[in-house]
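Reading the structure
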Amino acid sequence: MENAGGNLQNFVVPPVEGVAGGGTGYGWNDGGLQCLSSFTGAVDPAKIPSADLLHVWCMPSTTNVGQQEMPRPLEPMSLLAARNERESAQIALRPKVSWGSSGIAGTVQIQCTDLCTSGGDRLVVGQSVTLRRVLPILGVPDALVPLDLPVCQINLLPGETTSIWLSVDVPAGQPPGQYEGQIFITAVRADADSSSNSVAKSEKYQLYRELKNCLDIIEAVNGKPFEEVVERTRSATSTLRRILLSPTFQEYYEENGSSDMMDEDNLTSISIHLKLSVTVWDFTLPSTPSLPAVFGISETVIEDRFGLEHGSEDWYDALDRHFKWLLQYRISPYFCRWGDSMRVLTYTCPWPADHPKSDEYYSDSRLAAYAVPYAPILTCSDTAKDSLRKEVEILKSKSHWQKAYFYLWDEPLNLEQYDLIRSMSSEIRAYAPDARVLTTYYCGPSDAHLGSSTFEAFVKVPNLLRPHTQIFCTSEWVLGNREDLVKDIVAELQPDNGEEWWTYVCMGPSDPHPNWHLGMRGTQHRAVMWRIWKEGSTGFLYWGANCYEKSTVASAEIRFRRGLPPGDGVLFYPGQVFSSSQEPVASARLERILSGMQDIEYLKLYSSRFGREEALTLLEKTGVYLGPERYTLDHTPIDVMRAEIFRTCGS
């Protein structure tokens with residue numbers, strides 16, 4: 001691979017974007033660091049500047065920050081983001097000395113402020129600004145475990161680098177401007193903090209009794225005379241005030257108008273200050289993604305791991321949580337259950353079309369496409385056929401019907417399977433002639449002679465499936481590094497008859513081509529979407545986002561399926577593996593997918609102003625992506641491309 005050539009002198013990076021993910025502002029250089037300590041003797045983090053105890057530096061979101069990542073200089077972090085966009089970067093920490101005990105180098109407290117403009121607009125910490133700790137999976141930094149904000153503590157290990165994933169989510173209605181804030185990183189004594197923050201059991205019980213007494217007093221006011229209501233309220237207020245002024249809550253007292261979680265002078269004197277600046281520009285990413293990207297979620301994995309009965313209330317709740325959580329990544333989820341010979345039951349909404357939740361799901365503007373279930377895939381009863389007819393008749397009358405598709409079979413291999421696809425499609429089209437059927441494939445049927453070569457047989461597949469497939473979804477593996485073969489695939493399609501070309505990745509293509517396997521480079525993950533946009537497919541499918549090995553314990557360790565490359569089919573993890581939270585834990589790869597989806601919106605904006613050919617030139621000339629074996633290994637060209645789009649389209 002190579003970074004693209006071309007003269008970049010015409011692509012000047014504005015100051016606001018010079019460090020958006022790995023330029024000079026991230027200290028992305030090979031310079032070494034002096035590691036001399038300015039103190040001797042015992043290590044007391046309350047008396048020694050934190051900069052003498054640990055290294056802190058910034059890294060781009062496309063870097064896999066491993067445990068042996070070496071320190072770089074700390075420089076301010078500056079990001080560029082549109083409205084309705086998430087921009088991420090990483091903060092790396094590595095101890096210089098140990099100040100802790102019990103096998104840890106020490107404890108670090110991280111405190112983040114809101115990001116504010118001079119006019120008073122703000123991006124609120126904990127809502128728009130979030131932090132997640134990057135944890136290794138099979139030794140590769142990938143799982144992003146949420147941290148509490150505005151203040152959290154983490155432990156560092158001797159001789160190891162830890163990474164914190166920082167994300168800024170800009171709401172769609174956020175006023176443009178320059179938002180600034182700070183992150184304070186402070187070495188602390190874990191034992192002192194734990195003792196000061198702990199509450200004795202007897203004290204807890206006393207607090208419980210007093211708070212319960214307040215509740216009893218207020219709950220009994222119904223029907224009481226006004227004078228008694230006033231008296232009870234005064235009594236409860238007095239008790240609550242006494243509780244709040246007790247020593248237990250002394251650290252939260254407001255003094256001189258300040259209620260900082262740590263003493264402000266202490267933060268100023270010993271903490272490491274990381275300045276964070278975000279330029280929000282006057283462009284809003286569309287709520288509905290321009291590229292329909294449909295990702296599978298195995299309902300079987302959810303049922304097994306969380307012990308859920310199919311169709312139970314808890315089952316619906318679990319699927320609902322997964323659906324809503326995944327929408328933030330600009331992907332359109334579908335649930336799936338695999339049958340024999342790669343038949344697959346797929347559906348986006350677990351409720352039937354006549355249920356109120358159906359419209360809630362399908363009308364969501366963040367959903368670009370939805371799968372409609374073909375019930376007879378698991379049973380051929382008359383009831384199932386009636387269910388399909390009813391489902392289609394209801395949905396085809398809705399305005400969101402244009403998003404609908406049927407995904408019936410994954411990678412058919414012989415004429416018998418092609419016949420089954422045609423049969424199922426005929427039944428669907430009898431109820432709705434404009435229904436769209438999606439079929440994935442990477443070869444032609446093995447028992448049909450369609451051409452003199454394997455590729456020629458592959459290209460002729462539309463002739464076998466027409467008119468029973470409208471979305472022809474082909475594997476990127478077939479193309480190899482031959483982008484010129486795209487024209488042969490597209491030439492066989494009939495777009496005037498509603499036929500589309502989508503693509504997918506799964507086990508292949510392998511390194512060095514773009515894919516989402518664990519251990520691939522960060523830019524390699526992000527490049528999947530660059531490839532899709534450059535080649536011109538109008539949609540994308542990924543077979544599974546939670547397809548790890550079966551387990552019947554929610555907190556069981558994650559094991560990737562045997563026979564698949566590590567990470568294939570797994571883009572997020574069960575929250576219970578890392579904490580008591582039920583919310584899924586994203587992978588760094590999933591975040592890079594989101595970044596790639598956002599890059600498509602930037603390129604689409606540039607195309608709308610200057611034409612697609614100019615956008616392709618920009619993609620190549622900045623060195624971001626030239627082909628499946630020629631894309632940037634460094635983050636800086638991504639900053640350059642985004643900055644040029646900001647410069648030319650931001651006014």
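Residues numbered from 1 in each chain as written. Predicted model: local features only at pLDDT ≥ 70, side-chain atom pairs only at ≥ 80, totals over all residues. Heavy atoms only, no water.

So, on to a nonpolar patch on the surface. Judged by side-chain polarity, Leu413, Tyr442 and Trp477 come together as a nonpolar surface patch covering roughly 290 Å² of accessible area. Relative to the helices and strands, tryptophan 477 is located in the loop between β19 (471-475) and α12 (486-491). (Patch = residues over 30% accessible without salt bridge, like charges linked within 9 Å, V, L, I, M, F, W, Y side chains within 5 Å. Areas by Shrake-Rupley, 256 points an atom, 1.4 Å probe, with all protein chains shown as cover. Salt bridge = Lys/Arg side-chain N within 4 Å of Asp/Glu carboxyl O. Helix = DSSP H or I, 4+ residues; strand = E, 2+ residues; numbered from the N terminus.)

Here we come to helix α6 (residues 313-327). Taking 1.5 Å per residue as the helical rise, α6 with its 15 residues ought to reach 21 Å, and the 22 Å between its terminal C-alpha atoms agrees with that figure. Every buried residue of α6 is accounted for by Trp315, Ala318, Leu319, Asp320, His322, Phe323, Trp325, Leu326 and Leu327. (Expected span 1.5 Å × (residues − 1). Buried < 20%, exposed > 50% of the residue type's maximum accessible area, 1.4 Å probe, protein only.)

Right, let's get into the nonpolar core. Ranked by internal contacts, the top residues of the largest apolar core, which has 112 residues, are Trp281, Phe406, Trp516, Phe540 and Leu590. No other element matches helix α14 (residues 588-610), which puts nine residues into this core. Filtering out sequence-adjacent residues up to four positions away, leucine 590 remains in contact with Trp325, Leu326, Tyr329, Ile331, Leu571 and Phe572. If you look at the next biggest cluster of nonpolar residues, it comprises 37 residues, including Leu54, Leu115, Leu147 and Ile164. (Core = buried A, V, L, I, M, F, W, Y, C linked by side-chain atoms within 4.5 Å. Contact = heavy atoms within 4.5 Å.)

Taken over all residues, the pLDDT of the chain has a mean of 88, while the share at 70 or more is 87%. Below a pLDDT of 50 lies the segment residues 1-31, which in the model reaches 100 contacts outside its immediate sequence neighbourhood of four places, other chains included. The low-confidence segment residues 254-261, where pLDDT is below 50, has six contacts with residues more than four positions distant or belonging to other chains. (pLDDT = per-residue confidence, 0-100.)

Strand order in the open sheet formed by five strands is β1-β3-β10-β7-β8, and the pairing between neighbours is antiparallel. Edge strands, defined here as strands with exactly one partner in the open sheet, are β1 (54-60) and β8 (140-146). Direction aside, the axes of adjacent strands within the sheet are offset by 30° on average. On the sheet, α14 packs against β3 (85-95), β7 (129-137), β8 and β10 (162-170) and is oriented at approximately 140° with respect to β3. (Pairing = 2+ DSSP bridges. Axes fitted to C-alpha atoms, helices over the stretch in contact; angles between N-to-C directions.)

Once that is clear, we can look at the sheet that holds β19. One open sheet accounts for nine strands, arranged β15-β14-β13-β21-β20-β19-β18-β17-β16; its pairing is mixed. Each end of this open sheet is capped by a strand with a single partner; those strands are β15 (344-347) and β16 (370-371). In this structure, strand β14 (residues 332-338) lies alongside β15, joined through four bridges in antiparallel fashion. Within the sheet, the bridge partner assigned to phenylalanine 335 lies in β15 and is tyrosine 347. Lying over the sheet, α6 contacts β13 (293-298), β14 and β15, oriented at roughly 140° with respect to β14.

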